[in-house]
Amino acid sequence: MRETTNSKGLVKINLDPVNRIEGHMKIKVLVENGKVVDAYSCGHLFRGFEIILKGRDPRDAQHLTQRVCGVCPTAHAMASARCLDDAFGAVVPPNGRIIRNLIQGANYIQSHILHFYHLAALDYVRGPETAPFIPRTGDDYRLPDAVNDMAVQHYVQALAIRRRAHEMLAIFGAKMPHITTIMPGGVTEKVTPEKVNQFRAILQELTDFIDNVYVPDVFMIAEAYKDYFAIGQGCKNMLAFGVFPLDDDRDPNGQNMMIKRGAYTRGRFTGVDPKKLTEDVKHSWFKDETSGLHPAEGRTEPEPGKPDAYSWIKAPRYDGLPHEVGPLARMWVNKVPEVVNLGEKAFSVMGRHAARAIECKLIAHAMFAWLDQLKPGEPTHMPCSVPQEARGMGLWEAPRGALSHFIEIKDYRIQNYQIVSSTSWNGSPRDDRGQRGPIEEALVGTPVKDPENPIEVVRVVRSFDPCLACAAHLVEVASDRCHTIQVVT
């Protein structure tokens, strides 16, 4: 739904929903003299998994938290398993670590191809006059007809490629979505030469597509839309928790990973101190007394209808500042040459698309070496027990950005469980100090040629790959009544 109102030269535009993926994200922008002068990012559904988990057996967490999102269940399984590994004192054997990496890598490939072709490309590629290619926002399509037609063919081809990525993941993950094999202490799937060969054959197929179709398509569109290297700059603070551990040594700082942990804050590259994580809720529909807490001490106490609040998303902050997360943040803090050599242009709509494609290529090629390291017949899992009392933290990276899980166990049960998801970082509302979230900040200054068709706004938002699939509640809009639904399976 798109609404536009005009008052004394200030145009208000509401886009609801703005994302092509599940979840409900609303963007409101104020436009003056053809540019966005202010922006608001709103998440419209309450998640509440933290409440569902309270009092349950801790070993339920890596299964239940995957239901937070049908798009990123693998990342939630990994963050949760690492959180439980930490709380249980679990030791993951090398085969278990490598299989976890392969499962997560398969999900990265699928997710990055999904984002470019099926969630973002149609903002630049004109499809045929039929769903899902219509309706469109605006008419700014610049590709020559023959190139555009080829891109449409790749859109269709990418559907099959994504299915193959899911099939590859299922070799060690059993199924997708909501995999069953990742557990505290490793994975339950065994390594056999047949599985390794099957995985390698599909990985080669996917890598060929990434090298010869996906990456060239991204840079072809970037060439046609060069002006988008100067649009959507954002807060320019970057945060990554790190992903894909490369050895079995204890790694509290996340430096033994293929994509290392790091931050870029106020123009300086730094390490990450988890103690500097907080969540503000002044502009979120949660009780004010829960604001400013570290996520490990976080509380999920909703207050719908709170004055001055406009989102169900909390406002995560690192060192008191908003930070962008996702492929651009990961490639930037890891100083990947193809990204940092862009300089200021990296902080842009096209910078995010380029970083995502470059990361996908790096991960796909790295996975071949991980396959070579697997040892058939050796353990993939080490047994571990639930402690009577413990705390744990799992820092990880979903394809969309930094993801963290926190658990407190008491009397062998979950006393508190908190999740800070990727889109909470990028799509956050203002914090207690009035600082905009990264998407809100990236929208300020965006030129808007036609307020009735604000294609520039949606291109900025979708470059972050927002995903607000965080809710399991039903609301009757007409009466505002909430219903409890029992699902029998």
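I will try to describe carefully the structure that is included in this document. (Residues numbered from 1 in each chain as written. Predicted model: local features only at pLDDT ≥ 70, side-chain atom pairs only at ≥ 80, totals over all residues. Heavy atoms only, no water.)

## Observations regarding the overall build of the chain
- Counting its regular elements, the chain contains 12 helices and 18 strands.
- A globule of 489 residues ought to have a C-alpha radius of gyration of about 23 Å, and the chain, at 22 Å, matches this closely.
- Dimensions along the principal axes, computed over C-alpha positions, put the chain at roughly 65 × 55 × 50 Å.
- Looking at the chain as a whole, 57% of its 489 residues are labelled buried.
- For the chain, long-range pairs separated by at least 24 residues make up 70% of all intrachain contacts whose partners lie at least 6 apart in sequence.
- When the accessible area of the chain is evaluated, it comes to approximately 19800 Å², of which 51% is carbon and sulfur surface. (Helix = DSSP H or I, 4+ residues; strand = E, 2+ residues; numbered from the N terminus. Rg over C-alpha atoms; globule rule 2.2 N^0.38 Å. Buried < 20%, exposed > 50% of the residue type's maximum accessible area, 1.4 Å probe, protein only. Contact = heavy atoms within 4.5 Å. Areas by Shrake-Rupley, 256 points an atom, 1.4 Å probe, with all protein chains shown as cover.)

## So, the nonpolar core
- Ile 109, Tyr 214 and Leu 443 are the most contacted members of the largest nonpolar core, which totals 126 residues.
- Formed by 12 residues, the second largest nonpolar core is a distinct cluster that contains Phe 241, Val 325, Leu 395 and Val 420. (Core = buried A, V, L, I, M, F, W, Y, C linked by side-chain atoms within 4.5 Å.)

## A short note on the sheet that holds strand 7 (residues 238-240)
- One open sheet holds the 3 strands; their spatial order is 7-10-11, and the pairing between them is antiparallel. Two strands lie at the open edges of the sheet, namely strand 7 and strand 11 (268-270), each paired on one side alone. Within the sheet, the average angular offset between the axes of one strand and its neighbour, ignoring direction, is 15°.
- Sheet topology places strand 7 next to strand 10 (residues 262-265); 3 bridges connect them, and they run antiparallel. Bridging across to strand 10, Ala 240 finds its partner in Gly 262. (Pairing = 2+ DSSP bridges. Axes fitted to C-alpha atoms, helices over the stretch in contact; angles between N-to-C directions.)

## Digging into the sheet that holds strand 14 (residues 389-398)
- Strand order in the open sheet made by the 3 strands is 14-15-16, with antiparallel pairing throughout. On the outer flanks of this sheet lie strand 14 and strand 16 (413-420), each paired with one strand and no other. With strand direction ignored, the average angle separating the axes of adjacent strands in the sheet is 10°.
- Bridge analysis of strand 15 (residues 401-410) against strand 16 gives 7 bridges, and the strand direction is antiparallel. Across the sheet, the residue bridging to Ser 404 is Val 420, located in strand 16.
- Most of the contacts of helix 3 (residues 73-88) go to strand 14, to which it runs at about 150°, and overall it touches strand 14, strand 15 and strand 16.

## Side note on the environment of Ala 364
- Residue position: Ala 364 is located in helix 9 (residues 349-373).
- The spacing of Ala 364 and Thr 207 is 157 residues in sequence and 6.1 Å in space, taken between C-alpha atoms.
- When sequence neighbours within four positions are dropped, the list of residues in contact with Ala 364 reads Ile 109, Leu 203, Thr 207 and Ile 210.

## Describing the side chain of Asn 426
- Relative to the assigned elements, Asn 426 resides in helix 10 (residues 422-426).
- A distance of 2.9 Å separates the side chain of Asn 426 from the backbone oxygen of Val 325, its partner in a polar contact.
- Here Asn 426 is in contact with His 323, Glu 324, Val 325, Arg 400, Gly 437, Pro 438, Ile 439 and Phe 464, once residues within four sequence places are set aside. (Polar contact = N/O pair within 3.5 Å; in protein donor to acceptor, adjacent residues only side chain to side chain.)

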